[in-house]
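For reference, the chains in residue letters:
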Amino acid sequence: GYRIGRVARLSREELVECLSTARDDTEPPLDEALDAMHALDGPRLEAIAYEELDRLGPVRFASAFAVPLLQATGDRWVAGTLGVASEHLASALLRSMLGGLLARAQGEGVLHAVFATPEGEVHELGTLAAALVAAESGARVTYLGINLPAADIVHAVDELAADVVALGFTHLPVARAREILAELELRLPARVKIWLGGAHCEALAGGRVEAMVDLAALERRLIEQSSTASD
């Protein structure tokens, strides 16, 4: 439940104190949430989600509940055991919750990161969760949403003098993803980092493009980059 930036600066005694008051580490009730989705029981799903948010805090809610629930939802949809209406029910709730948390979590650090999905990518929840984690870790975050052309990403970075472009790829074909990344590498200032999350992010990494394989990796990288930027 604590920001990693805060934990990194704590003494041993302070860490022990935090551990003594740590939140419950009970596994999130993903099966219960999935059952509510199957039944299209919106109030029950919402109650479960808000209980987990209260228990886990924003960062762990995103990493331990929201993202795993999205992954389980996708797996069941592919397997044909979960309908589109159920998937939309969960997506609408999580989008509202994550967006609201992000709006209240804007960091004040020296690092400024722009989050978006590139043109052709309309699945945003993983990127929205990552933006929330970044803001809770102290970064200044600008969330630009989905389906953004490369030219508009470059324009936003120029206008905002951002340090990082963080992109989420979920279902975009790899070949098209490579084209977009090549264009961004060519057009973005050399100082700007390009961070990539989602499907095939490790295969797409190279040059200026860094893979963030999960939200924990993103947190660690944010701490490293913020430390560098403040020196």
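Report on the accompanying structure. (Residues numbered from 1 in each chain as written. Predicted model: local features only at pLDDT ≥ 70, side-chain atom pairs only at ≥ 80, totals over all residues. Heavy atoms only, no water.)

**Observations regarding the overall build of the protein chain**
Working step 1: Looking only at helices and strands, the protein chain has 10 helices and 5 strands in total.
Working step 2: For a compact globule of 231 residues, the expected C-alpha radius of gyration is about 17 Å, and the protein chain comes in at 18 Å, within 12% of that figure.
Working step 3: Taken over 231 residues, the protein chain has a buried fraction of 44%.
Working step 4: Across the protein chain, every contact between residues at least 6 apart in sequence was considered, and the portion connecting residues at least 24 apart equals 73%.
Working step 5: If you average the places of the 20 positive and of the 34 negative side-chain charges in the protein chain, the two averages end up 4 Å apart. (Helix = DSSP H or I, 4+ residues; strand = E, 2+ residues; numbered from the N terminus. Rg over C-alpha atoms; globule rule 2.2 N^0.38 Å. Buried < 20%, exposed > 50% of the residue type's maximum accessible area, 1.4 Å probe, protein only. Contact = heavy atoms within 4.5 Å. Lys, Arg positive; Asp, Glu negative; His and termini not counted. Charge placed at Lys NZ, Arg CZ, Asp CG, Glu CD.)

**Quick word on the pattern of salt bridges**
Working step 1: Scanning the entire structure with this criterion turns up 9 salt bridges.
Working step 2: A salt bridge links R76 to D31; the shortest N-O distance between them is 4.0 Å. One end of the pair, R76, is in helix α4 (residues 42-79); the other, D31, is in helix α3 (residues 30-38), with 45 residues separating them in the sequence.
Working step 3: Since its relative accessible area comes to 53%, D31 is described here as exposed.
Working step 4: For the salt bridge of R44 with E32, the shortest nitrogen-to-oxygen distance reads 2.0 Å. Within this pair, whereas R44 is found in helix α4, its partner E32 is found in helix α3, the two being separated by 12 residues in sequence.
Working step 5: We classify E32 as partly exposed; its relative accessible area is 35%.
Working step 6: The network of salt bridges with common partners includes E119, R176 and E179. (Salt bridge = Lys/Arg side-chain N within 4 Å of Asp/Glu carboxyl O.)

**Concerning unusual backbone geometry**
Working step 1: Of note in the backbone geometry, A161 takes a positive phi value of approximately 55 degrees without being a glycine.
Working step 2: With respect to the element layout, A161 can be found in the loop between α7 (150-160) and β3 (164-169).
Working step 3: Its relative accessible area of 45% is what places A161 among the partly exposed residues.
Working step 4: With a phi close to 65 degrees, H200 is a non-glycine residue in the positive phi region.
Working step 5: Among the secondary structure elements, H200 is positioned in the loop between β4 (193-198) and α9 (201-204).

**Digging into the layout of surface pockets**
Working step 1: Roughly 1,400 Å³ of volume is contained in the largest pocket.
Working step 2: V67, L70, L125, G126 and T170 are, among the 49 residues lining the largest pocket, the residues nearest its centre.
Working step 3: Looking at the lining of the largest pocket, the elements with two or more residues in it are α1 (4-7), α4, α5 (84-103), α6 (125-136), β3, β4 and α10 (215-230).
Working step 4: No other element matches α4, which puts 11 residues into the lining of the largest pocket. (1 Å grid on protein atoms, 1.4 Å probe; cavity = no way out; pocket = protein on both sides within 12 Å on 5 of 7 lines; lining within 4 Å. Points joined across faces, edges and corners; volume = space filled by probe spheres on them.)

**Structural notes on the environment of L89**
Working step 1: Mapped onto the elements of the fold, L89 is located in helix α5.
Working step 2: A C-alpha to C-alpha distance of 9.9 Å links L89 and A36, two positions 53 residues apart in sequence.
Working step 3: In this structure, L89 is in contact with M37, L40, D41, G42 and L45, ignoring residues within four places of it in sequence.

**Quick word on a nonpolar patch on the surface**
Working step 1: A surface patch of nonpolar side chains, about 330 Å² in accessible area, is lined by W77, V78 and V84.
Working step 2: Checked against the element boundaries, W77 lands in helix α4. (Patch = residues over 30% accessible without salt bridge, like charges linked within 9 Å, V, L, I, M, F, W, Y side chains within 5 Å. Areas by Shrake-Rupley, 256 points an atom, 1.4 Å probe, with all protein chains shown as cover.)

**What about the side chain of S86?**
Working step 1: Turning to its location among the elements, S86 is positioned in helix α5.
Working step 2: You can call S86 buried: its relative accessible area is 6%.

**Focus: the nonpolar core**
Working step 1: Grouped together as the largest cluster of nonpolar side chains are 48 residues, with contacts concentrated most on F61, F65, F115, V141, W195, L215 and L218.
Working step 2: Looking at this core, the elements that each hand over two or more residues are α3, α4, α5, β1 (112-116), α6, β3 and α10.
Working step 3: Per element, the largest residue contribution to this core is 14 residues, and it comes from α4.
Working step 4: With sequence-adjacent residues up to four places away left out, L218 is seen in contact with A130, V133, W195 and M212. (Core = buried A, V, L, I, M, F, W, Y, C linked by side-chain atoms within 4.5 Å.)

**Observations regarding the environment of T81**
Working step 1: Position of T81 relative to the elements: it lies in the loop between α4 and α5.
Working step 2: Separated by 82 residues in the primary sequence, T81 and D163 have C-alpha atoms spaced 42 Å apart.
Working step 3: Excluding residues within four positions of it along the chain, T81 makes contact with H38 and R76.

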